[in-house]
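What follows is each chain in one-letter form.
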Amino acid sequence: MSLSEKMPLPKFSVASPNRAVKSIRDRLATGSVEWSTDLARVLALPRRPKPDLGPLVDQYTLRLRKPEGTMVLRPIQAWGLHELETVGGLLGPIGIGAGKTLIGMLAPMVTKNCQRAVLLLPPDLRVQFHHEWPEYAKHWRLPNLAGGTSFVDDGRPVLHVVAYSELSGTKNSNLLEDINPDAIFGDEIQCLASFLSARSKRLLRFFANHSATRFGGWTGTMTSDSPDDYAHFGFFAIGAGSPLPI
């Protein structure tokens, strides 16, 4: 499955767009975004209303929580997990303190047909992740942690936690290929914004050769100055369904 097949291109004609799209095209000022097939694709994307988050919180909490667990998902956490499961990818502008750590832990559990997953983190967050894992494991059905002591062999996916600095290492140029994940998730994905960094090049190379791999990324600092900082994440996550330039 190619990335574009995650959400097929909508049918439209650049030469004769529908009335609403034509109106927008006609209003484009000189020097602004020029009319293109990609702009027509974005304008033709279907719009979805924001879901009712209350039922999602109940649904995913009851499904993923252990019988003895007492924690309850936050609305943004349930929404993110729902998008991962139903759309197959996620590009989440999620702020600091909103619960991104738990999203990363639970993401492999809701991603369809996921047996192996990679979670990319800044080095300091990887230390925090391993510190918080035992506490979250008391409440939630978490994936098997690669190299961990709490490996539960019951068909759960295996999660490999990798620091961005580790992905950048000269000895790890084929790290993603060696793991061969079905899904790659990233916390603080602004760390992959620059196409010049070794870690970004390795991620781009992996997706070029493994386009069926699912992607989910989130951060409270999606961009500093341009959609170029995160447009590639939208393509990795939802292919032609991305509202960003391809």
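Structure: above.
Conventions we followed
Residues numbered from 1 in each chain as written. Predicted model: local features only at pLDDT ≥ 70, side-chain atom pairs only at ≥ 80, totals over all residues. Heavy atoms only, no water. Helix = DSSP H or I, 4+ residues; strand = E, 2+ residues; numbered from the N terminus. Buried < 20%, exposed > 50% of the residue type's maximum accessible area, 1.4 Å probe, protein only. Areas by Shrake-Rupley, 256 points an atom, 1.4 Å probe, with all protein chains shown as cover. Lys, Arg positive; Asp, Glu negative; His and termini not counted. Salt bridge = Lys/Arg side-chain N within 4 Å of Asp/Glu carboxyl O. Axes fitted to C-alpha atoms, helices over the stretch in contact; angles between N-to-C directions. Parallel < 35°, antiparallel > 145°, perpendicular 65-115°, else oblique. Contact = heavy atoms within 4.5 Å. Nonpolar A, V, L, I, M, F, W, Y, C, P; charged D, E, K, R; others polar. Pairing = 2+ DSSP bridges. 1 Å grid on protein atoms, 1.4 Å probe; cavity = no way out; pocket = protein on both sides within 12 Å on 5 of 7 lines; lining within 4 Å. Points joined across faces, edges and corners; volume = space filled by probe spheres on them.

## Some details on the overall build of the protein
Turning to step 1, where the next piece is worked out: Of regular secondary structure, the protein possesses 10 helices and 6 strands.
Turning to step 2, where the next piece is worked out: Counting only residues that meet the buried cut, the protein has 46% of its 246 residues in that class.
Turning to step 3, where the next piece is worked out: Approximately 12,600 Å² of the protein is accessible, and the part contributed by carbon and sulfur atoms is 55%.

## A few points about the side chain of Arg-214
Turning to step 1, where the next piece is worked out: Examined against the element boundaries, Arg-214 turns out to sit in strand 6 (residues 214–219).
Turning to step 2, where the next piece is worked out: Here Arg-214 is buried and forms no salt bridge, its nearest opposite-charge partner Asp-182 lying at an N-O distance of 5.2 Å.

## Side note on the packing of helix 3 (residues 53–64) against helix 5 (residues 100–110)
Turning to step 1, where the next piece is worked out: Two elements in contact, helix 3 and helix 5, have axes whose closest approach is 12 Å; the angle formed by their N-to-C orientations is 80°. In this view, helix 3 runs roughly perpendicular relative to helix 5, as classed from their interaxial angle. Facing helix 3, whose interface residues are Tyr-60, Arg-63 and Leu-64, helix 5 presents Leu-106, Met-109 and Val-110.
Turning to step 2, where the next piece is worked out: Looking at side-chain class alone, the contact of helix 3 with helix 5 contains 5 nonpolar, no polar and 1 charged residues.

## Some words on unusual backbone geometry
Turning to step 1, where the next piece is worked out: The backbone of Asn-113 shows a phi angle near 55°, a positive value even though the residue is not glycine.
Turning to step 2, where the next piece is worked out: Look at Glu-188: it is not a glycine, yet its phi comes out positive at around 55°.
Turning to step 3, where the next piece is worked out: Among the secondary structure elements, Glu-188 is positioned in the loop between strand 5 (183–187) and helix 9 (198–209).

## Re the pairing of strand 6
Turning to step 1, where the next piece is worked out: Most of strand 6 sits out of view: 6 of its 6 residues are buried.
Turning to step 2, where the next piece is worked out: Burial of strand 6 is two-sided: the residues Arg-214, Gly-216 and Trp-218 facing one way and the residues Phe-215, Gly-217 and Thr-219 facing the other way are all buried.
Turning to step 3, where the next piece is worked out: The pairing of strand 1 (residues 90–93) with strand 6 spans 4 bridges and is classified as parallel. Residue pairing for strand 6: Pro-93 is matched across the bridge by Thr-219.
Turning to step 4, where the next piece is worked out: Bridge analysis of strand 5 against strand 6 gives 5 bridges, and the strand direction is parallel. Within the sheet, the bridge partner assigned to Phe-185 lies in strand 6 and is Gly-216.

## Some thoughts on the layout of surface pockets
Rolling a probe over the atoms, with the probe sized like a water molecule, indicates the empty space that remains.
Turning to step 1, where the next piece is worked out: If you add up the space inside the largest pocket, you get close to 820 Å³.
Turning to step 2, where the next piece is worked out: Together, 28 residues line the largest pocket, and Arg-48, Glu-83, Leu-91, Ile-238 and Pro-243 are the ones closest to its centre.
Turning to step 3, where the next piece is worked out: At the level of secondary structure, the elements contributing two or more residues to the lining of the largest pocket comprise helix 4 (75–87), strand 1 and helix 10 (231–238).
Turning to step 4, where the next piece is worked out: The leading source of residues in the lining of the largest pocket is helix 4, at 5 residues.
Turning to step 5, where the next piece is worked out: Of the residues in the lining of the largest pocket, the class split is 18 nonpolar, 6 polar and 4 charged.
Turning to step 6, where the next piece is worked out: As a volume, the second largest pocket reaches approximately 360 Å³.

## Looking at the side chain of Ser-242
Turning to step 1, where the next piece is worked out: Following the sequence through the fold, Ser-242 ends up in the segment after helix 10.
Turning to step 2, where the next piece is worked out: Owing to a relative accessible area of 0%, Ser-242 belongs among the buried residues under this scheme.

## Here's the deal with the sheet that holds strand 5
Strands belonging to one sheet form pairs held by backbone hydrogen bonds; the direction of such a pair is parallel or antiparallel.
Turning to step 1, where the next piece is worked out: Spatial ordering of the open sheet is given by 1-6-5-2-4-3, a layout of 6 strands whose pairing is parallel. The strands lining the two open edges of the sheet, one partner per strand, are strand 1 and strand 3 (144–145).
Turning to step 2, where the next piece is worked out: Each of strand 1 and strand 6 is contacted by helix 10, which is oriented at about 140° to strand 1, the strand it contacts most.

## Focus: helix 5
Turning to step 1, where the next piece is worked out: Of all 11 residues in helix 5, 11 are buried; the element is thus mostly enclosed.
Turning to step 2, where the next piece is worked out: Among all positions in helix 5, only Lys-100, Thr-101, Leu-102, Ile-103, Gly-104, Met-105, Leu-106, Ala-107, Pro-108, Met-109 and Val-110 are buried.

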